[in-house]
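Examining the three-dimensional arrangement
Next come the chains, spelled out residue by residue.
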Amino acid sequence: MSGIMMLKVSHEDGEQRLDRWFKKRFPHLTQGAVEKLCRTGQIRVDGGRVKASDRVAPGMEIRIPPLPDANEVAARPKSDKISISDEQMIQNAVIFKDEHLIILNKPAGLPSQGGSGQGDRHVDGLAAALKFGYKDKPKLVHRLDKDTSGVLMLARTDRVARALSEALRHRETRKIYWALVAGVPNPRQGSIKYGLIKAPGHGRGGEGEKMMCVHPAKMGDYPDAKRAHTDFFTLWFLGTRMSWMALEPVTGRTHQLRAHMAELGHPILGDGKYGGGAQENQGDGWGAGSGGDISRKLHLHARSLSVEHPITKKMMTFTAPLPEHMAKTWKTLDWKENDVPADPFIHRKD
């Protein structure tokens, strides 16, 4: 067990997430352990409390609490051995790979990363099955909610991870999601610019985390609220009951698409947290349920991601097929993936 240390972020480290900086130096610690140390105030940056997802920059001083050494952790019973079925599942999810990137179609129900209430089975924990001849496992550069499926990007080297993280942070990537929502938006396309703030009283570890929308004109009344921007486009609709939406998160806030669509009055089907889970409700409009054979799972899918390749500098677009439960819904509604534009926002004025 080490003692307390104070370490400064070097210029070689550059700007990056705290958990990535921390785990690069102490790779024997799990993501859950890092998040717990932050949550309990044992890890601090420039004397202040932080979250694992906060960013650190050169010159910042990080307090490192007493930690178990690598040999102590290695001696503990192993509980994270990847099963053959999980290894096959995560490898079958790969839709692209080269010597720099791996792109997954993340299954719905599989967390991107460990943490409070997530257990040991998540993409980051299964990434050892994605080495494909490399010494180190690939690194997540962004996340999807547990119940959201679709395009998820991993970097095979630290250099590529830094480049992709920078591209995501400066919005040099484009993501388009597909969703099934209750009712039909009016107007059929537009933008939602409500800020987002975490609702109080939803569990110590964020396991019940929920975001509340704040009107743009009232952002000054909520200093902790973060600005958020979602563009939406109605691709298809069924009477007044439900709509197939394309959603583009211009910003990338927690639960942004789910909270914004609920605020618009058209929650995503299967989203019990934000009002889209009442499938027995046969009314129309806000909170309307689908009933019948429509799955109760969340109908939100990261359909495509466009990004400049960090090494070749070529623009690449990756597209993920619908997950099984959404594909079944689309078949029930007689909607076909190829009947709509891949990018309905392409003619949008910036």
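Not measured: the values here are computed from a predicted model.

Moving on: the UniProt feature "active site" (unreviewed entry) in the chain. Sites flagged by UniProt as "active site" (unreviewed entry) map to Asp145. For Asp145, a relative accessible area of 27% puts it in the partly exposed group. Filtering out sequence-adjacent residues up to four positions away, Asp145 remains in contact with Lys106, His255 and Arg258.

Approximately 190 Å³ is the volume attributed to the second largest pocket. As for the second largest pocket, its lining consists of 13 residues, and the residues nearest its centre are Ser304, Thr317, Thr319, Ala342 and Asp343.

Geometrically, the link from Asn186 to Pro187 is a cis peptide bond, its omega value of 10 degrees lying close to zero. For Pro187, the location among the structural elements is in the loop between β11 (174–182) and β12 (189–192). For Phe132, which is not glycine, the phi dihedral falls at a positive 45 degrees. Mapped onto the elements of the fold, Phe132 is located in the loop between α5 (123–126) and β9 (139–140).

The next thing to look at is a positive patch on the surface. A cluster of basic residues, Lys51, Arg171, Lys226 and Arg253, forms a positive patch on the protein surface. Examined against the element boundaries, Lys226 turns out to sit in the loop between β14 (211–214) and β15 (230–238). When its relative accessible area of 44% is taken as the criterion, Lys226 is described as partly exposed.

By size, the foremost hydrophobic cluster in this structure holds 26 residues, and its most contacted members are Leu104, Leu247 and Leu300. Listing elements by their share of this core, those giving two or more residues are β8 (101–106), α5, β10 (149–155), β11, β16 (242–249), α7 (256–264) and β17 (300–308). Broken down by element, the residue count for this core peaks at 3 residues, all from β11. The contacts of Leu247, once residues within four sequence positions are left out, are Lys175, Ile176, Tyr177, Ala179, Thr230, Asp231, Phe232, Leu257, Met261, Leu300 and Phe345. By size, the runner-up hydrophobic cluster in this structure holds 17 residues, among which are Leu18, Phe26, Leu29 and Ala52.

The next thing to look at is empty space enclosed by the protein. Summed over the entire model, instances satisfying the criterion amount to 1 cavity of 30 Å³ or more. Looking at the largest cavity, its volume works out to about 30 Å³. What lines the largest cavity is simply His142, Leu144, Val151, Lys175, Ile176, Tyr177, Ala302, Ser304 and Leu305. Of the residues contributing to the lining of the largest cavity, the split by class is 6 nonpolar, 2 polar and 1 charged.

About the criteria used
Residues numbered from 1 in each chain as written. Predicted model: local features only at pLDDT ≥ 70, side-chain atom pairs only at ≥ 80, totals over all residues. Heavy atoms only, no water. UniProt positions renumbered as here; feature names shortened; annotations may be inferred. Buried < 20%, exposed > 50% of the residue type's maximum accessible area, 1.4 Å probe, protein only. Contact = heavy atoms within 4.5 Å. 1 Å grid on protein atoms, 1.4 Å probe; cavity = no way out; pocket = protein on both sides within 12 Å on 5 of 7 lines; lining within 4 Å. Points joined across faces, edges and corners; volume = space filled by probe spheres on them. Helix = DSSP H or I, 4+ residues; strand = E, 2+ residues; numbered from the N terminus. Patch = residues over 30% accessible without salt bridge, like charges linked within 9 Å, V, L, I, M, F, W, Y side chains within 5 Å. Areas by Shrake-Rupley, 256 points an atom, 1.4 Å probe, with all protein chains shown as cover. Salt bridge = Lys/Arg side-chain N within 4 Å of Asp/Glu carboxyl O. Lys, Arg positive; Asp, Glu negative; His and termini not counted. Charge placed at Lys NZ, Arg CZ, Asp CG, Glu CD. Core = buried A, V, L, I, M, F, W, Y, C linked by side-chain atoms within 4.5 Å. Nonpolar A, V, L, I, M, F, W, Y, C, P; charged D, E, K, R; others polar.

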